[in-house]
Amino acid sequence: MCLSPCPALRSRGRPVPLSMLLLAGALRAGRLPSVSRAVAVFTFAVALSAPPAWCVLQRRPPLSNLSANCWSHLYAVNMLNSYNVKLYHSKALTSPYPGSHVERSKVPADKVGWLTEWKDYNPVEYTAKSVLAGPSWADPQINDKGFSPKFNERDGEVERKSLNGTYVVENGRPRNPVGRTGLTGRGLLGRWGPNHAADPVVTRWKRDGSGNKVAHPVTGKNILQFVAIKRRDCGEWAIPGGMVDPGEKISATLKREFEEEALNSLQKSPEEKVELEKQLHKLFSQEHSVVYRGYVDDPRNTDNAWMETEAVNYHDETGETLDNLPLEAGDDAGMVKWVDISEKLKLYASHSYFIKLVTEKRGAHWSENPGPECHE
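Here's what I pulled together on the structure shown here. (Residues numbered from 1 in each chain as written. Predicted model: local features only at pLDDT ≥ 70, side-chain atom pairs only at ≥ 80, totals over all residues. Heavy atoms only, no water.)

1. Structural notes on the overall build of the chain
- A count of helical and extended segments in the chain gives 6 helices and 19 strands.
- Among the 376 residues that make up the chain, the fraction classed as buried is 49%.
- Across the chain, the fraction of contacts at a sequence separation of at least 24, relative to all contacts at a separation of at least 6, is 68%. (Helix = DSSP H or I, 4+ residues; strand = E, 2+ residues; numbered from the N terminus. Buried < 20%, exposed > 50% of the residue type's maximum accessible area, 1.4 Å probe, protein only. Contact = heavy atoms within 4.5 Å.)

Below, the structure is given as structure tokens:
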């Protein structure tokens with residue numbers, strides 16, 4: 001939830017939320033039991049140490065109208081990833097669950113975090129039939145004979161460690177590190193606990209007919225373009241990423257998914273594949289930038305299974321490599337094209353945020369209005 005800062009009081013020269021002040025007062029007055037005091041002190045310390053991004057909204061706007069500028073404040077919990085981004089649930093609370101008519105149990109904003117006691121919490125149990133059928137990419141059911149997963153560590157070829165650190169295992173099931181989702185089981189996800197993906201953000205500068213970079217008329221910043229696919233499953237535009245296969249290196253996943261979804265490599269002849277490899281080698285072997293690693297607010301997430309990703313930017317500064325790349329939708333993609341980047345993009349899961357991080361790194365255009373509602 002977004003908190004309005006108290007302008008009269010500050011910590012390290014920054015405003016302190018009213019809720020933190022009340023908490024501090026309660027601690028001084030000794031009104032909390034010892035265990036609660038310990039948790040509260042930790043929460044208070046994390047809140048003060050994190051780079052603040054104060055949101056002065058009086059009410060939560062519709063999700064469809066919210067830009068990536070304020071994405072980290074929806075249903076926020078006191079958990080920070082390595083990028084100092086406050087993790088949250090928004091799309092992970094949507095109903096019906098993707099590919100089904102299953103409705104999640106309603107989870108109020110103030111009860112997403114596990115530290116908030118909720119004795120009446122009664123989530124719906126759901127695992128899709130496609131997962132229960134036992135494909136190679138899916139775990140068995142948690143109580144199946146012979147299945148003893150090693151959570152929070154590498155389990156054979158399966159990576160069960162989270163990019164966000166150690167997660168709780170309760171009654172034999174991993175617990176979503178960000179909070180409640182209103183649904184238990186695995187839904188459409190194959191693995192109990194973290195399901196690892198990789199998202200290659202392939203970019204170039206938008207250029208005019210003369211080859212000059214095109215600047216936005218309002219901000220004066222150059223416009224970036226990225227390769228976007230339209231997902232077959234939900235019809236939303238997205239980064240052409242996918243799941244990391246057991247034992248596969250992230251770098252291999254990033255390249256493979258881009259080839260399969262944006263270049264339709266699975267349908268190419270051996271000769272065509274060789275030519276594609278030559279064109280892509282230069283792009284994927286050059287210096288690149290990891291823009292995000294961690295938990296993803298994804299509509300497929302459940303209390304016991306969730307998405308995590310590594311989003312990596314591969315940028316063609318001159319355009320010489322990518323201009324001749326034959327984009328062709330394949331595998332899970334229905335369409336593929338170059339898309340101008342701006343805050344107006346409506347993308348799948350947390351992809352808009354990843355794209356925003358790329359524009360910040362490249363000094364490219366993102367928004368005509370930086371947004372008075374959220375500022376650092």
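Here the narrative resumes, following the displayed structure.
2. Focus on the pattern of salt bridges
- Taken as a whole and judged by the stated rule, the model has 19 salt bridges.
- In this structure, the salt-bridge partner of Glu260 is Arg256, at a minimum N-O distance of 3.6 Å. Of this pair, Glu260 and Arg256 both sit in helix α4 (residues 250-262), 4 residues apart, which is roughly one turn of that helix. Assigned by exposure class, Glu260 and Arg256 land together as buried.
- Note that Glu360 and Lys356 form a salt bridge whose closest N and O atoms lie 2.5 Å from each other. Here Glu360 pairs with Lys356, and both are found in helix α6 (residues 351-362), just 4 residues apart, close to one helical turn.
- Each member of the salt-bridge network shares a partner with another, and the members are Asp245, Glu248, Arg256, Glu257 and Glu260. (Salt bridge = Lys/Arg side-chain N within 4 Å of Asp/Glu carboxyl O.)

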